[in-house]
Amino acid sequence: MTQPRVAGTLVWALLALIAAVVAARATYTADLSAFLPRQASATQRLLVEQLREGPAAHLIIAAIGGADAPTRAQVSTALAARLRADPAFASVNNGDAGELQRDRDFLFAHRYLLSEAVTPQRFTVSGLHTAIGDSLDALASPAGLLLKDWFVRDPTGEMLAIIDSLGAEHAPHTAAGVWSSPDGKRALLVLQTRAPGSDTDGQQAACEALQRAFTATRSVLGPSRAAALVLRMSGPPVFAVASRTTIKSEVLRLSSISSLCIAALLLAVFRSLPALILTLVPVASAALAGVAAVALCFGSVHGITLGFGVTLIGEAVDYSIYLLIQRQGDFRRALWPTIRLGVATSVCGFAALLPSAFTGLSQLGLYSIAGLIAAAAVTRFVLPGWLPQRLAIRDLAATGAWLAVQLDRVRPARVALLVLAVGAAAVLYLHRGALWNRELAALSPIPAPALALDEQLRTDAGAPDVRYVVVASAPEREGALAAAQELSARLTRLVDSGVLRSFESPTQYLPPLAVQRARQASLPPPADLTARLKEALRDLPVDAGRLEPFVRDVEQARTGPLLSSADLEGSPLARAVDALLLHGSEGWSALLPLAAPGSGELSAEAVRQVRAALGADAARGELLDLKGEADQLYSGYLRQAVRLAGAGLGAIVILLLLALHSPGRVARIVAPLVLAVLCVAGLLVGFGQQLTIMHVVGMLLIVAVGSNYALFFDRASTQGAEQVPLTLASLLVANLATVTAFGVLACSRVPVLANLGETVAPGALLALVFSALIARPLGESAPGAST
Amino acid sequence: MSRLALALICALANAGLQAAATAVAPSSLDQLLQLLATRQHGHVSFTEVQELHMLQRPLRSSGELLYDAPDRLEKRTLLPRPETLLLEHGVLRMQRGQHTRVLALQDYPQVVPFVESIRATLAGDRAALEHYFTVSFSGTLEHWTLELVPLEATLARTVQQVRISGERDAIHTVEIRQSDGDASVLTIGPTVEP
């Protein structure tokens, strides 16, 4: 080897080693974060943050089905007991009697701090008289049967006030003593994993522990009864684990299939093992460089990125195919400038993805840029030095010559392309109403049945998707609670006037300390209370002596400690507070979910009234329509993708103009690409596919990849006729490799990967064909070579 | 909750058992149940007296009961303060002032046998009735008493005995004796004319 060749190999080996170390040390994630936006409004950020890290992100709803209600209840109770001892779970709730009793006891013990009815007026003589009189009336009614046990300790009816304010609609149903679906066919458990939402390993361990505990609990029943019971679970941890498993297996499967197919293709073409191995060097280098670049810039590599990387195999292999097939020519002077411009246009296209709000997309952009540059550099600086003096590759000149003849034969038919363009445009126009899939779910790797199960279990558990939320934010927890308290008062007026059906607030479970202190201050000391009671009870059928327990409880509440979030720990009430009081990177937020009357949708007028009631200061309380936000988020994605694709196309055109100095040549290069995009869009829509963001990105990739073919045809039209056959042959082989890689991707079960594949695979093929047809007759500089 | 269920039974029993006369001469529980089951609709007034050990005087309430076969029952308390209790298709709706509380009966399994006993009584289904209670019939069809003693342990803890008495197809009183000594007596008044 000559000096520069040795140097090239050494540099390559060193860089490959560094990249390998970086790739080996990188963290690989497969959670759902790639589908969440990085740029968003403050409230959207809050929601996304909560989706990733909040209490909702580690909530599992499990349903035990089969057998009969008592058996399910027995297993539910035993399973809950087993899981409560497992450190993987922060809380386990199944609604069994002990738990309900604990909840009720907790509310009762703190009733004077929790009841909104506790005011100084209530403990005056007239206040006591009215409150106790009301309680006696209630005792005489059917509801009174609920209250009898509490009466001597709670004659003013604070417990009833609390129960009324909490509302019963949120609690799941009960069957045979444990939580159940409303139809009574499934026992329900609500669990919270200790691992945070971002810790997919921890989530997986918890999911497996749950499954193991269920199997063990069930086995006590004996094999025949045990077999009848099934456990189904859902929730963000389950989704995270499932999507990671899917992505992992998909990436492995797709890259294996893709590698095998391309290797088979190259082996069939070259009939030479050394040639095959040589083509794979740039591919492997590209993959390493891509992973290392993403790991260095993003901190972690997403599984989806590796999935996209499958396509890189098909592209990175192109350069070495050009090198090997056209190796007789002067690679450095004749071929390299075209490849270099091709790499530059592809990089322009992928660079447009870098600013994307999708982590997955921007990683794809960086991965591909680094990979393509690495593949091209290895092909240019390393591979030529490794080429053996005699490399026995099948001569493709004859094939190429045949291709050239065929091409010339069909070229006159290229006017038909206009018909094709008009046809595709017509299809798109006819479907213009339903062109886009506007559901964010279209991007989710979670299959529809799993989403349906999730919705069913959430409905069963009385935790349906909330649509309207008022958010009150403050730097401190107490500030957020105080804001929520004030907003509660304003929202109560809207409930009274019928604008809202109901609302929930964290202050129902955890009032701000100032409010708790005020309630404590409303309670009179024992001597005063006893004296006032005597007077208040004068014409009521209760003896003051009977209410001794009441006086004791009031004194205990008056002098006892205030309620803190630590007191709530482990109870279902804590779950409510955790869900409604969020600690994010920007402080604390209290959430007040609203329930609209009737259909569940607030009218524009109602929204206006709620906003007006919240006041002008948006920081104190902001109304969020979660469905509206999601729609907005998605249309934002879509707009951004279209804008980025447009920018990518623009950058490619400018680059070509600068490099070629000829608008006419640029037009001949760009026209087939635009036509290919149009036809693919027409095809997809014609076959009933609704377009997603990934289709838009795919169209950008058609331009980025297809521009390479167009550039080669551009070059071939100016070169000697003797080179045309080999150029055609190498283009065809390179194109087949790319189409294979994207074709494999199109078969993926992960929608984002499949959408990309089904766009680029036909698009790349069409780009080649159209480029061939639209280019000037090849080999023009040697007249007589072509007709 | 079981006491709520008892209130329900009272109401159900009262409205349901206010049955139309059929001129047979039954001499057994079966014959009484057959007689009562023919009733499709009822609208009567009631008064209720509850003796609670912690109060010096009994609590009195009164109002109206409405029944439509097979599973709709409404207890409208008018005094001392208006309150409505509606049982329909297994869902209990309690309205008092601005508050409405909704309970699904199956969420309170201890209630179910009571309701089932009434349903069974109205349907003349003695087997179902005896699934939950020891039932004893005494007296004659002209002047009868049904004594229901809960079989299930959870019910017996709060309820000792339910005693329903009447003449032919008309119920006069429903007495509920609770385990803590408290008792209530619901007395059915005349039919309210529509």
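Because the structure is predicted, anything quoted here is derived from the model rather than measured. (Residues numbered from 1 in each chain as written. Chains lettered and ligands numbered in written order. Predicted model: local features only at pLDDT ≥ 70, side-chain atom pairs only at ≥ 80, totals over all residues.)

Visitor: Could you give an account of the overall build of chain B, with specific residues and numbers?
Guide: When helices and strands are counted, chain B shows five helices and eleven strands. Considering chain B as a whole, with its 194 residues, one finds that 36% of them fall into the buried category. Residue pairs at least 24 apart in sequence account for 48% of intrachain contacts in chain B once pairs closer than 6 positions are excluded. (Helix = DSSP H or I, 4+ residues; strand = E, 2+ residues; numbered from the N terminus. Buried ≥ 20, exposed ≤ 12 C-beta atoms within 10 Å, placed from the backbone. Contact = placed C-beta atoms within 7 Å.)

Visitor: Explain the overall build of chain A to me, using residue names and the numbers behind them.
Guide: Scanning chain A for helices and strands turns up 30 helices and 13 strands. Across the 787 residues in chain A, those meeting the buried criterion constitute 47%. Considering only intrachain contacts with a sequence separation of at least 6, the fraction spanning at least 24 residues in chain A is 82%.

Visitor: Hey, could you go over the confidence of the model for chain A for me, with residue numbers and the actual values?
Guide: Do not read the fine detail of predicted coordinates wherever pLDDT is low. Summarising the model, chain A shows a mean pLDDT of 84, and 91% of its residues fall at 70 or more. Under a pLDDT of 50 for its full length, residues 781-787 of chain A has, in the predicted model, 14 contacts with residues more than four places off or in other chains. (pLDDT = per-residue confidence, 0-100.)

Visitor: Lay out the packing of helix α17 (residues 416-430) of chain A against helix α27 (residues 663-686) of chain A with the relevant residues and their values.
Guide: All names here are of chain A. Where α17 meets α27, the axes come as close as 8 Å, and the angle between the chain directions of the two elements is 45°. By the angle between their directions, the pair α17 and α27 is classed as oblique. Viewed along their axes, α17 and α27 form a crossing whose handedness is left-handed. Facing α17, whose interface residues are L417, L420, A421, G423, A424, A425, V427 and L428, α27 presents L675, L678, C679, A681, G682, V685 and G686. Looking at the contact of α17 with α27, its residues break down into twelve nonpolar, three polar and no charged. (Axes fitted to C-alpha atoms, helices over the stretch in contact; angles between N-to-C directions. Parallel < 35°, antiparallel > 145°, perpendicular 65-115°, else oblique. Left-handed = near helix turned anticlockwise from the far one by under 90°. Nonpolar A, V, L, I, M, F, W, Y, C, P; charged D, E, K, R; others polar.)

Visitor: Any details on helix α25 (residues 604-614) of chain A? Residues and values, ideally.
Guide: Residue and element names in this part refer to chain A. For α25, the set of buried residues is V610, A613 and L614. Looking down the long axis of α25, one finds its buried residues gathered within 100° of arc, a one-sided arrangement. Opposite the buried face of α25, at more than 90 degrees from it, the exposed residues are A604, E605 and A612. Next to the buried residues of α25 lie β9 (468-474), α19 (477-496) and β13 (622-625). Within two residues after α25, G615 carries a phi angle of roughly 95°, on the positive side. (Arc of directions from axis to C-beta.)

Visitor: I'd like to hear about unusual backbone geometry, residue by residue, with values.
Guide: That bond from L79(B) to P80(B) is cis: its omega, 5°, falls within 30 degrees of zero. Relative to the helices and strands, P80(B) is located in the loop between β3 (72-79) and β4 (83-88). A positive phi angle, close to 55°, is found at R271(A), a residue other than glycine. With respect to the helices and strands, the residue R271(A) is situated in the loop between α11 (236-270) and α12 (273-298). One non-glycine residue, H661(A), adopts positive backbone phi at about 55°. Note that H661(A) resides in the loop between α26 (626-660) and α27.

Visitor: I'd like a rundown of the environment of F742(A), residues and numbers included.
Guide: Residue and element names in this part refer to chain A. Mapped onto the elements of the fold, F742 is located in helix α29 (residues 724-746). For the pair F742 and T311, spaced 431 residues apart in the sequence, the C-alpha separation amounts to 5.6 Å. Other than its neighbours up to four places away in sequence, F742 contacts T311, G314, G757, V760, A761 and A764.

Visitor: How would you summarise the nonpolar core if you had to cite specific residues and measurements?
Guide: Residues and elements named next belong to chain A. Of all hydrophobic cores here, the largest spans 137 residues; its most connected members are A676, V697, I702 and A764. When residues in this core are grouped by element, the largest group, 17 residues, is from helix α28 (residues 693-716). In this structure A764 touches I702, V705, G706, N735, T738, V739 and F742, once residues within four positions along its chain are discounted. Counting residues in hydrophobic clusters, the runner-up holds 35 residues, among them A187, L188, V190 and L457. (Core = buried A, V, L, I, M, F, W, Y, C linked by C-beta atoms within 7 Å.)

Visitor: Report on the pairing of β3(B), specifying residues and quantitative values.
Guide: Residues and elements named next belong to chain B. Here seven bridges tie strand β2 (residues 59-68) to β3, and the two strands are oriented antiparallel to one another. Its bridge partner lying in β3, Y67 is registered against L73. Hairpin geometry of β3 and β4 is characterised by an intervening segment of three residues between the two adjacent antiparallel strands. (Pairing = 2+ DSSP bridges.)

Visitor: So, the environment of V697(A): which residues are in play, and what are the values?
Guide: All names here are of chain A. Its location among the elements puts V697 in helix α28. It is 8.1 Å that separates the C-alpha atoms of V697 and V642, two residues lying 55 residues apart in sequence. Excluding residues that lie within four positions of it along the chain, V697 makes contacts with L353, L361, A641, A645 and L756.

Visitor: Outline the packing of α28(A) against α29(A), listing residues and values.
Guide: Residue and element names in this part refer to chain A. Relative to each other, α28 and α29 sit at 175°, their axes nearing to 10 Å. Compared by their axis directions, α28 and α29 come out roughly antiparallel. Listed contacts from α29 to V705, Y709, F712 and A716 of α28 are V724, T727, L731, N735 and T738. Partitioned by chemical class, the residues of the contact of α28 with α29 number six nonpolar, three polar and no charged.

Visitor: An account of the confidence of the model for chain B is needed here, citing residue identities and associated values.
Guide: All names here are of chain B. For chain B, per-residue confidence averages 71 on the pLDDT scale, and 64% of positions sit at 70 or higher. For the stretch residues 1-26, pLDDT sits under 50, and the model shows 88 contacts to residues farther than four places along the chain or on other chains. Predicted as a complex, the structure gets a pTM of 0.68 and an ipTM equal to 0.71.

Visitor: Just give me the short version of helix α13 (residues 303-325) of chain A, but keep the residues and values in it.
Guide: Residue and element names in this part refer to chain A. In a regular helix each residue adds 1.5 Å, so 23 residues correspond to 33 Å; α13 covers 34 Å between its end C-alpha atoms and thus fits that length. Most pronounced at T311, the bend in α13 amounts to some 35°. In terms of burial, α13 is a largely internal element, 23 of the 23 residues being buried. (Expected span 1.5 Å × (residues − 1). Bend = angle between axes of the 7 residues up to and from the residue.)

Visitor: Before we move on, can you summarise the environment of Q121(A) with the specific residues and values?
Guide: Its place among the elements puts Q121(A) in the loop between α5 (111-114) and α6 (125-140). For the pair formed by Q121(A) and S522(A), sequence separation is 401 residues and the distance between their alpha carbons is 7.8 Å.

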